[in-house]
Amino acid sequence: MKARVHVMLKTGVLDPQGEAVRHALGAMGFDGVKGVRQGKVIELDLDAGVTKADVEAMCEKLLANTVIESYSVEMV
Amino acid sequence: MHAAVIVFPGSNCDRDLAVAFEAAGAKVSMVWHKDTALPEGVDIVGIPGGFSYGDYLRCGAIAANSPICGEVAAHANRGGYVMGICNGFQVLTETGLLPGALLRNAGLKYICKTVGLKVATSDSDFTSGYTAGSVINIPIAHHDGNYYADADTIAELLAEDRVAFTYEDNPNGALADIAGILSANRRVLGMMPHPERMADPVHGGTDGVALFRALAGALVTA
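Quantities reported herein were computed from a predicted structural model and do not represent experimental measurements.

Cut-offs applied
- Residues numbered from 1 in each chain as written.
- Chains lettered and ligands numbered in written order.
- Predicted model: local features only at pLDDT ≥ 70, side-chain atom pairs only at ≥ 80, totals over all residues.
- Helix = DSSP H or I, 4+ residues; strand = E, 2+ residues; numbered from the N terminus.
- Buried ≥ 20, exposed ≤ 12 C-beta atoms within 10 Å, placed from the backbone.
- Contact = placed C-beta atoms within 7 Å.
- Core = buried A, V, L, I, M, F, W, Y, C linked by C-beta atoms within 7 Å.

All names here are of chain B. In this fold, Met83 is placed in strand S4 (residues 81–85). Note on Met83: 28 C-beta atoms within 10 Å, which makes it buried. Each C-alpha atom of the pair Met83 and Pro9 lies 19 Å from the other, and the pair is 74 residues apart in sequence. Met83 has contacts with Ile44, Gly46, Phe126 and Leu189, leaving out every residue within four places of it along the chain.

A separate point is unusual backbone geometry. Glycine aside, negative phi is the norm for most residues, and most peptide bonds take the trans geometry. All names here are of chain B. You will see that Asp177, though not glycine, has its phi angle at about 60°, which is positive. Inspection of the secondary structure assignment puts Asp177 in the loop between strand S9 (163–167) and strand S10 (178–182). Positive phi, close to 65°, is recorded for Arg186, a residue that is not glycine. Position of Arg186 relative to the elements: it lies in the loop between S10 and strand S11 (188–191).

Take the nonpolar core next. In terms of nonpolar packing, the biggest core is built from 80 residues, with B:Val5, B:Ile6, B:Phe21, B:Ile44, B:Val82, B:Ala164 and B:Phe212 touching the most fellow members. Among the elements that line this core, the one with the most residues is helix H6 (residues 209–218) of chain B, at 6 residues. Counting residues in hydrophobic clusters, the runner-up holds 6 residues, among them A:Ala3, A:Cys59, A:Leu63 and A:Tyr71.

The following block contains the structure:
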C-alpha cells in the first residue's frame, strides 16, 4: 500500500519560487496564469496496517512544517 | 562556561563556533548528532551553521529530529542556554524551541555578504555586551533566511522585546527585518548572521566578539 502526501505552502505565505515560475511562463508567452504555487509530493511505500492517521502523524512530526505548510494525505 | 557544539553531517561552521567560544574562555565539547546525551555540566549548546543532512526535506528538519536534539530541547526546557546560528536557527524553529520558520530568500538567491545588523535589544545574556540600537557588521551566508511567522507571533515577539537583531537593509524578505530572535525566557537565541565569523581580527572585523564575551561573563562555571 502507498500513501501520497501533498505538501503546500499555506495560503498567505509568500512563495517566491512559484512567483518566479509565473513570471517565466508569462515571458514565454503563456498568458492567463494568475498565480503559481509550488509544493512537493512525497510517496510512502507502506506495510499493510499503516493507517492514514499514522501518515498524518508523520506529516505533523516531520514531513510538513505546519507553521508554514499544509498537507493532505491520499492512500493509494 | 562549558559550551557544547553539535555536529551534524553537513555542519560546516562547527569548528568556527568552537574557536569563538574558546576565545571567550569557554571549555568546548563537540557533540555528534547520534549522541544521546550532552556532556556533564554544559551551560550552553551551540547549533552551528551549515547544511545539516544536505538540507533534505526542509533546512533543519531532519536535524531537529536527530537523537541529540531531544536532549537539546530538554536542556532548553530546564532553563539551559541554546544558541543556533544560520542552519542552527533553522533547526531551532523546526524543533519548536523558537517560533516561526525560515523561508527561501525572497530574491531566491543564496546571499553571502557582510550586512549591517541593528542590536534590537541588549536585554539578554547574548546581547548585553552591545548597546541597544547600535549597528554591527556581521556576515550572512544563507539561501533560506527569510524569517516568517504569523502576524500574532510577530506582534508578540515585538511586544516582548524578543527580537534580538534586525537587518539595516533587509536582504532576504524577513518579516519586520528580523535577523535573530529570543525565546520567552531569553535563553535561546536563533540568528541567521554569523557572529563567529567576525570574532578575530583576521576575519576583517570583531563585532561578533561581544556576544561570546557577554555569554562567558553570564555563564561563569560554578
